[in-house]
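The chain contents come next:
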Amino acid sequence: MNLQTLWLSATLTVIITTHGYGFIYQSLEQDVNTMPVPKKFHKVLHSYVSATNPKSLKNAWITVKLRQNNSKLVRTGDRVEFDCELSGSPTPNLHWIRGMKTEREITEILKNGIADASWEGLSRVNGKLVIDCVTPEDEGLIYCAGVAGTEIQLASTLLIVDRNLKGTCRESSKPTITLHASMVISNLESTVIIPCRASGNPRPQTYWLDNYEKRINSNIDSRYSVLENGDLLIESITWEDMGRFLCVAKSGDFEVSVDTFLYPLKPAND
């Protein structure tokens, strides 16, 4: 590891120890169209928390940014995408909620979707909702929900379908990465999962390049594992893991990629 990356990690460690993880994003998160979870769900939320690190839960925070924060008008048969960005600690989970059963789905998320709070890491997660062939039944509110520890935030948009105009539904589609993290910060020797989910027709195949631009092979380094859903699991991260990891999704003759910067940090109590 060169002196520049060592300096960067040491600086981040000092900032986080002094000000907390949220300080890093304080100047970046402007004009976020986030609304708090309704009060009637607060009791439900805390009833289902079973985390192993109370301090992480106490310091949990999250912001949600939905790019299409106004209504979106599309034709029947169109392909439509919605982009949502979460920033939070511990690493947040992203959920899309559609239709008329919003309250029921929020309750289920709170029961089953509490994000892991066993470590005080931080991530920025990007999600994409893709509707390949819009129908009139898709019309209505669409929520992006983010969960970090005991915190949940929502952002919403409205999809309007013009029934008088019709687009063309395509049988095949290029690969699209629907979930990834642009940045992950975690303590040295911790185990991290870097998300990368892809959709498309035919179904994309996913592979990863490490921070030295070499294709990851768990037979060569058993610390790395590409999970069935496309996520990358790295066990016991080291200083040498600092850098950009590239996720590539390939479908037919097309491929797309996204990268994640991994910051290992020295634990504050060391």
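Per chain, residue numbering runs from 1 following the sequence as it is written. Predicted model: local features are reported for residues with pLDDT of at least 70 only, side-chain atom pairs are reported and counted for 80 or more only, and whole-chain, interface and lining totals are derived from all residues. Hydrogens and waters are ignored; side-chain quantities use all the structure's heavy atoms.

Draft legend 1. Looking closely at the state of the cysteines. The disulfide definition used here is simple: a pair of cysteine sulfur atoms within 2.5 Å. Counted under the stated rule, the structure contains three disulfides. The disulfide partner of C84 is C144, and the S-S distance across this bridge is 2.0 Å. Here the S-S torsion is close to -90°, and the disulfide linking C84 with C144 is therefore left-handed. Note that C84 is positioned in strand β4 (residues 80–89) and C144 in strand β7 (residues 140–148), a separation of 60 residues in sequence. Comparing C84 with C144, the two get one shared label, buried. Covalently, C133 is tied to C169 through a disulfide, its sulfur atoms 1.5 Å apart. Here the residue C133 occupies a position in the loop between β6 (122–131) and β7, and C169 occupies one in the loop between β8 (151–166) and β9 (173–187), the gap between them amounting to 36 residues. The cut-offs for exposure are 20% and 50% of the maximum accessible area for each residue type, with area from a 1.4 Å probe on protein chains only; residues under the lower value are buried, those over the upper are exposed, and the others partly exposed. According to the relative accessible area criterion, C133 is partly exposed, its value standing at 30%. Note on C169: relative accessible area 38%, which makes it partly exposed. In the chain, the bonded cysteines, taken in the order they occur along the sequence, pair up as 1-3, 2-4, 5-6. Starting at the N terminus, helices and strands are each numbered in turn, a helix being any DSSP run of H or I of at least four residues and a strand any DSSP run of E of at least two.

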